[in-house]
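Here are the chains, one letter per residue:
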Amino acid sequence: MTDTTDDIAEEISLQSFEDNFRLLDSLLHDVIHREVGPRFMENIERKRVLAQSAVNMRSAGMEETAELLEKQLATDISKMTLEDALSLARAFSHHLNLMGIAETHLRVRKARTVPHLSKSCDDTFNKLIQSGVSPEELYKTFCKQEVEIVLTAHPTQINRRTLQYKHVRIAHLLEFNDRPDLSIEDKEMLKEDLVREIASIWQTDELRRHKPTPVDEARAGLHIVEQSLWKAVPHYLRRVSTALKKHTGRPLPLTCTPIKFGSWMGGDRDGNPNVTAKVTRDVSLLSRWMAIDLYIREIDNLRFELSMNRCSDTLGKMAHEILLKESENEKSHSESWNSSTNRSHTKHHNQHISALPAQLPAGAYLPACTECNDGGSEYRVVEFPGNSNRQNDKGSSVRQLSISVPTSLSKFGDTRVSTDVSSLPSPTSQSQKMTRSSSNQLLAQRKLFAESQLGRSSFRKLLEPSLLQRPGITPYRVVLGNVKDKLMKTLRRLELHLEDLPCEQDPAEYYENSEQLLEPLILCYESLQSCGSDILADGRLVDLIRRVATFGMVLMKLDLRQEASRHSETLDAVTRYLDIGLYTEWDEDKKLEFLTRELKGKRPLVPPSIEVAADVKEVLDTFQVAAELGSDSFGAYVISMASNASDVLAVELLQKDARLAVSGKLGRACPGGTLRVVPLFETVKDLRGAGSVIRKLLSIDWYRDHIIKNHNGHQEVMVGYSDSGKDAGRFTAAWELYKAQEDVVAACKEYEIKVTLFHGRGGSIGRGGGPTHLAIQSQPPGSVMGTLRSTEQGEMVQAKFGLPHTAVRQLEVYTTAVLLATMNPPLPPREEKWRHVMEEISKASCNHYRSTVYDNPDFLGYFQEATPQSELGFLNIGSRPTRRRASGGIGHLRAIPWIFAWTQTRFVLPAWLGVGTGLKDACQEGYQEELRAMYKEWPFFQSTIDLIEMVIAKADIPIAKHYEEMLVSESRRALGSQLRTELSTAEKFVLVVSGHEKLSENNRSLRKLIESRLPYLNPLNLLQAEILQRLRHDDDNHKLRDALLITINGIAAGMRNTG
C-alpha cells in the first residue's frame, strides 16, 4: 500500500518489518489490555482471527469459505455496543498506524545500509558516466538544475499533529533499537520508552475538535521545515557534493541549490474564503520570523566552533572595523548612562567578542553529521505569534506575541528576551486611541520596546575593559557576533510588523535579503580556506551557507492562487466605475486590446477612491500585499481554471497597478520584482487549449518582452491532475496531460522561451499521485529540461518529508529523476499508430466514465449512499470548504473528497472507471500486440498501466459490495453491479496488457504489505458500514459520529493515502 513513497518495482526485505511490527503490536496489545481489560481483548482478537482466516481462504481461492467468514465477522460487528465499537475502531486504527511506522522505518534502514542504493546520486551519476556522458557535461547540467517542491495544505492529512509527533518519536526509538551495541538493560529501557509512547497515543484524542485555520496549516508546514528539512537539506547536499566529486572531480558549488521549497499554505485562496490578504501577509512574515530564528541558532553553534585566531587579512579587517564601531557604541552608551539600566541586558553590545562562550550551545558536543539522525529538536517548539483563539482569520488581527525562547539563545552571555507584547494595544484598540494621543503613545511604545530589548550601560560596564583592550579576541566570533546582532534586530523588526506597530530602523542594521547574510558567511569560509583550514570550512559553516542558499530569508516562498473568474469580476468592477463598459461582457480580442494598452501605460488604472464589493476588495488587497512584500517573499501567482490569454494579462495588470500604488505611497520602488504569473490548466477542455493560450500570450510583444526582461526568458505553466481526472477519468486525464505538455513545450520553443512545467499532483493515483521517480521519468521528451515544480500535498508531506532520513531519500529521488529526464529524455511513442491507439482508448474510456458519473441519474444518489462523502465534513482536516460552490452535483465537488470517499470504501473508483472499457475495445479491435509493445517500450504508457494496476490491487470488490448491501437503496443496486463488472474488466485487461499473471506481480513486497494490513483493515471497513447505517438513522448521536471518524482515520492509515 505504498503507492506514493517508493518506486513501483523496488523490492524490500520484509523480515525486519515483521520483527518491528510484532514488537509494536505486542506492546499495543499490552497497553489496550491494561486500559480496557481482558474481555475486550478477547473480542478484538476474535475479530482479527476471523478477518485473517477470510484473507487466507481468499488467497487460497476458497471464495465461498471466505464469504462465510466475512459474514460471520459482519454479524459479530453488528451486535457490538457503541462503546465496544468505538474501542475496536481505535484499536485497529492504531494497529495500522504502527504498521505504517514499521514500514517507513524499513525504508529508512534500507536507505542507510544498502551499499549501492538505486536512484541515489552516486548510482545515477555512475550510470550516466557509463552511458557516455562526459564528467564536464554532467557537472554543468547538474549545477544548472532547478527543482522546487511546493508544500500545500490540501486537506488530506488525517492525523492530528500531536499524533504525528508521537509517531515520529516511535520511529526514532525503532531506529535506536537497530544499534548493535545496545546492552540488555538498554533494550529494556527502550521498550519502556516505546510503551510510554504507545500508552500516550492510546490516551490521546485522535480527532480534531476544531477546524484548522489557514495560519494553523501554515504553522504545520513550517514545523516540517524545522523538524526535518532543516536537518535533511545539508545532509542531502553533502551526499550530492561527494557523489559529484567522485564522478566529475569537482564538488558542488558552495551556493548551488538543486532543490528549493515553496508553499501554498496561507496563499491558496482558490475557493477558500478563509485565506485573506491579512492571512497571507501574516503567514509570510511568520515564515521570515522562523527563518531568522533558525539562523540565530546556527550562528550560536558556529560561534562556539570557530574559536581560532588565524584568519585572512580581509576577515581581520572586518573584525577590527566591527570592534571599533562597538567601542564607539560602548563609549556613547557610557556617556548616556543613567540609573534606570536593565542589568540583564548590559552585555548585549559586547556579546560577540567574549573569549569563551558562557554556555555551550545545545548539541554542541555532537558532530554536524549527526544532525540528520536526531529526529527530535533540541529547541522548544516555537510559539508563533497570533491565531491562538482559533477564530476565523478573516478580519482578525494578531493580539499577542508569545515567543518561547530556544535554549540556544543564551549561548554567548546574552539572553533573548521572551517578549510579551499583549499589553500593547491591538491594531483595533490602537486606532480608537489614535484620536487622542496616538503619536505620543506610539513613540512611548517604540521606546519601551527598544529599551526592553537592548538596555543601556550599567555601572558594572564602566569597570570592564574596553573592547579593544580585551585579550583573546577571536575574529570569527567577532564577525559572527555581528551577524547575530543584525539577525536579532531583523527578528525584532518582524515582530513589530506582525503587531502592525511602526518600525523605523536603519537598513544597515538588519538583513533584507539572503545575499546580505551570505556575504560575511562566505568571507569566513574563504578565510578558513586561505589559512589551510578546509576541513573546518567544510563543516557546520558550509552547512549554514547551503541552508541560506536553499531556504533564503523566508524558508519557503509563498505562492498565491486564485480562480480566474475572480480577477475578471475585479476588472469588471473597475471598468464599471470608470464608465468604460463591463469587462466580463467583452470578447477575448477586446479584453486583450484593453489589457495590453493599460499594461503599456504608466498611470494606475484603479482609482484610490473606488468603492467595491467585499470580495473584489479582497482581490485588490491581495495584490497590494504582494506589492508590499514582493518576490523576496512570494513565488508565483497561480491562476486556477485558466482558459484564455486574457486570464494571465488580467493578473499582470492588477499586479502592475498595485505596485504603482504602493511605490507611490512608499516614495520608492517596491521591494523585489514582480511575481511570476502562472496559468493553471485543469479541465480536459482547458488542457487541450493550453498550447494555443501560450502561443497567443507569447505573440504579444509586451508580454514576451516582459518575460525576457523580468523573468529571465522563462515561462511557467501549471497542469492540474485532480480536476482533469474527475472531469474525464484517470486514463483520459493522463493522456490529455501528456499532450498538453508536449504542446506547451512546442509553443515556447517556437518563441525561444524556456519553459518550466508545474505539476499539481495529489497523493492518490486518482489525483496524479504515484512514485516520484516513475512519474518524472514518464513525462514527454523535452518537458523536463533541468527545471521542474511539483506539489506535495497533505499526508504525503508527512510521509515523504516528516523524518530527516526519508526526506534525504526523497530529495535524491527528485534530483536524480530530473537529471535523467534532462540528459536522457524518456522515449516518445515509437510510431504514430501508438498515438492513434491512445486516442481510441481515451475516447472510449472517457465516454464510459462520463456516461456513468455525469449522465446516469442514479449515480449521484449511489455515491452519496454508498460512501461517507457527506460525513467527511466532520473531520476538521482543512480550512477549505469541500465544494467550490453551493451545489449538490459532482461537478462542483472538489477532487479531494471525491477521491477520499471512494478510497474509504475500497472501491477506488475514480482511478479505474472507464479503463476496462477502453482497453477491452482496443483489444477487440486487434491492438493487443501493439498495447504490449507500448507497455514494454513507451515509459509513459507503462507507468500509466502500472499505476492503474497498483490501485486495482488495493481495491476490494467484496468490501465495496458490503457497503452497498448495508447502505444503498434497492433501486440503485443494479448500478453497483455494473460498476463491479467494470472493475473486473479493468483488472482483466490491465493484466493482458502488462503480461502479468496477477496484480502487483512486479512488486511482491507491495502485495505482501497489502495482505499484511487486511486483518485490521477489513474489520474497520465492515465496522464503518455498520456505523454509517446507524448514524443515518440517528444523525445527532455524537458518539456514533466519533466512531465513524475514527474508522475513517484507520482506513486512511491502512490505504496509506486519503485524497
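What you are looking at is a predicted structure, and each value in this text was computed from that prediction instead of being measured.

> Hey, could you run me through the overall build of the protein in this one?
The helix and strand inventory of the protein stands at 38 helices and eight strands. Accessible area of the protein: about 41200 Å², with a carbon and sulfur share of 50%.

> I'm lost on the sheet that holds strand β2 (residues 259-263) in this one. Help?
Remark on secondary structure: sheet strands pair via backbone hydrogen bonds, oriented parallel or antiparallel. If you trace the eight strands once around the closed barrel, you get β1-β2-β3-β4-β5-β6-β7-β8, paired in parallel fashion. Each adjacent strand pair in this sheet contributes to an overall mean axis angle of 25°, direction not counted. Note: strand β4 (residues 634-640) against strand β5 (residues 676-681), four bridges, orientation parallel. By the bridge assignment, Val-638 is partnered in β5 with Val-678. Where helix α17 (residues 564-577) meets the sheet, it contacts β3 (557-563) and β4, and its direction lies at approximately 70° from that of β3.

> Hey, could you run me through the UniProt feature "active site" (unreviewed entry) in the protein in this one?
UniProt marks His-154 and Lys-726 with the feature "active site" (unreviewed entry), using the numbering shown here. Overall, Lys-726 belongs to the buried group, its relative accessible area being 3%. If we ignore the near neighbours within four places in the chain, the residues touching Lys-726 are Tyr-849, Tyr-854, Ile-890, Gly-891, Leu-893, Arg-894, Ala-895 and Trp-898.

> What should I look at first to understand the pairing of strand β1 (residues 146-152) in this one?
The two faces of a sheet get side chains in turn, since along a regular strand they alternate between them. The buried fraction of β1 is high, at six of seven residues. Note that β1 and β2 share five bridges and pair parallel. Looking at β2, one finds that Leu-151 is bridged to Ser-263.

> Just checking my understanding: could you explain unusual backbone geometry for this structure?
What is expected of a backbone is that most residues other than glycine have negative phi and most peptide bonds are trans. The phi angle at Leu-555 is positive, at roughly 65°, despite the residue not being glycine. At Asp-579, a residue that is not glycine, the phi angle is positive and equals roughly 60°.

> What should I look at first to understand helix α30 (residues 859-866) in this one?
Along an α-helix, residues three or four apart share an orientation, since each turn contains 3.6 residues. Among all positions in α30, only Phe-859, Gly-861, Tyr-862, Phe-863 and Ala-866 are buried. Where α30 is buried, its residues contact α29 (832-855), α31 (895-904), α35 (957-967) and α36 (973-994).

> Even after reading the chapter, I still don't get the pattern of salt bridges, so can you show me in this structure?
Charged atoms that come close allow side chains of opposite charge to pair. Summed over all chains, the structure comprises 56 salt bridges. The shortest N-O distance in the salt bridge between Arg-906 and Asp-956 comes to 3.3 Å. With Arg-906 in the loop between α31 and α32 (915-924) and Asp-956 in the loop between α34 (939-954) and α35, this pair connects stretches of sequence that are 50 residues apart. Like Arg-906, the residue Asp-956 is buried in the burial classification. Where Glu-1026 meets Arg-1030, a salt bridge forms, and the shortest distance between an N and an O atom there is 2.9 Å. Here Arg-1030 and Glu-1026 lie together in helix α37 (residues 1004-1031), a separation of four residues that amounts to about one turn. You can call Glu-1026 buried: its relative accessible area is 8%. Classification of Arg-1030 as partly exposed rests on a relative accessible area of 25%. What you see here is one network of salt bridges that share partners, running through Glu-148, Asp-559, Arg-676, Glu-716 and Arg-789.

> So what exactly am I meant to see when it comes to the environment of Asn-644 here?
Of note, Asn-644 is situated in the loop between β4 and α20 (645-666). Residue classification places Asn-644 among the partly exposed residues on the basis of a relative accessible area of 32%. The spacing of Asn-644 and Glu-588 is 56 residues in sequence and 7.8 Å in space, taken between C-alpha atoms. Leave out the neighbours within four places in its chain, and Asn-644 touches Glu-588 and Val-693.

> Would you explain the confidence of the model for the protein in this entry?
The predicted coordinates of low-pLDDT regions are not to be read in fine detail. Summarising the model, the protein shows a mean pLDDT of 83, and 81% of its residues fall at 70 or more. Ignoring residues within four places in sequence, the model shows residues 374-382, a span with pLDDT below 50, making 30 contacts including any to other chains. Below a pLDDT of 50 lies the segment residues 449-470, which in the model reaches 53 contacts outside its immediate sequence neighbourhood of four places, other chains included.

> Quick question: what am I supposed to make of the environment of Glu-839 here?
Note on placement: Glu-839 falls in helix α29. The class for Glu-839 is partly exposed, based on a relative accessible area of 34%. Excluding residues within four positions of it along the chain, Glu-839 makes contact with Trp-735 and Lys-739.

> Help me out: how do you make sense of the packing of aromatic side chains in this one?
The way to describe two aromatic rings as a pair is by their centre distance and the angle between their planes. What the rule picks out here adds up to 27 aromatic pairs. Taking the centre distance of 6.0 Å and the plane angle of 75° together, the rings of Trp-264 and Phe-758 count as edge-to-face. Of the two residues, Trp-264 is situated in the loop between β2 and α10 (277-305) and Phe-758 in strand β7 (residues 754-760); the sequence distance between them amounts to 494 residues. Residue classification places Trp-264 among the buried residues on the basis of a relative accessible area of 4%. Assessed through its relative accessible area of 0%, Phe-758 is described here as buried. Their ring planes at 90° and their centres at 6.0 Å tell us that Trp-735 and Trp-938 sit as a pair that is edge-to-face. With Trp-735 in helix α25 (residues 730-750) and Trp-938 in the loop between α33 (928-937) and α34, the pair connects residues that are 203 residues apart, well separated along the chain. Taking the relative accessible area as the measure of exposure, Trp-735 reaches 1% and is therefore buried. For Trp-938, a relative accessible area of 0% puts it in the buried group. Ring pairs connect the aromatic residues Trp-735, Tyr-738, Trp-834, Trp-938, Phe-940 and Phe-941, which therefore count as one cluster. Of note, Arg-90 hangs over the ring of Trp-202, and the distance from its end group to the ring centre comes to 4.2 Å. A cation over an aromatic ring shows up here: Arg-250 above the ring of Tyr-139, its NZ or CZ 3.9 Å from the ring centre.

Reading the values: rules and limits
Residues numbered from 1 in each chain as written. Predicted model: local features only at pLDDT ≥ 70, side-chain atom pairs only at ≥ 80, totals over all residues. Heavy atoms only, no water. Helix = DSSP H or I, 4+ residues; strand = E, 2+ residues; numbered from the N terminus. Areas by Shrake-Rupley, 256 points an atom, 1.4 Å probe, with all protein chains shown as cover. Pairing = 2+ DSSP bridges. Axes fitted to C-alpha atoms, helices over the stretch in contact; angles between N-to-C directions. Contact = heavy atoms within 4.5 Å. UniProt positions renumbered as here; feature names shortened; annotations may be inferred. Buried < 20%, exposed > 50% of the residue type's maximum accessible area, 1.4 Å probe, protein only. Salt bridge = Lys/Arg side-chain N within 4 Å of Asp/Glu carboxyl O. pLDDT = per-residue confidence, 0-100. Phe/Tyr/Trp six-rings, centres within 6.5 Å; stacked < 30°, edge-to-face > 60°. Lys NZ or Arg CZ within 6 Å of the ring centre and 35° of its normal.

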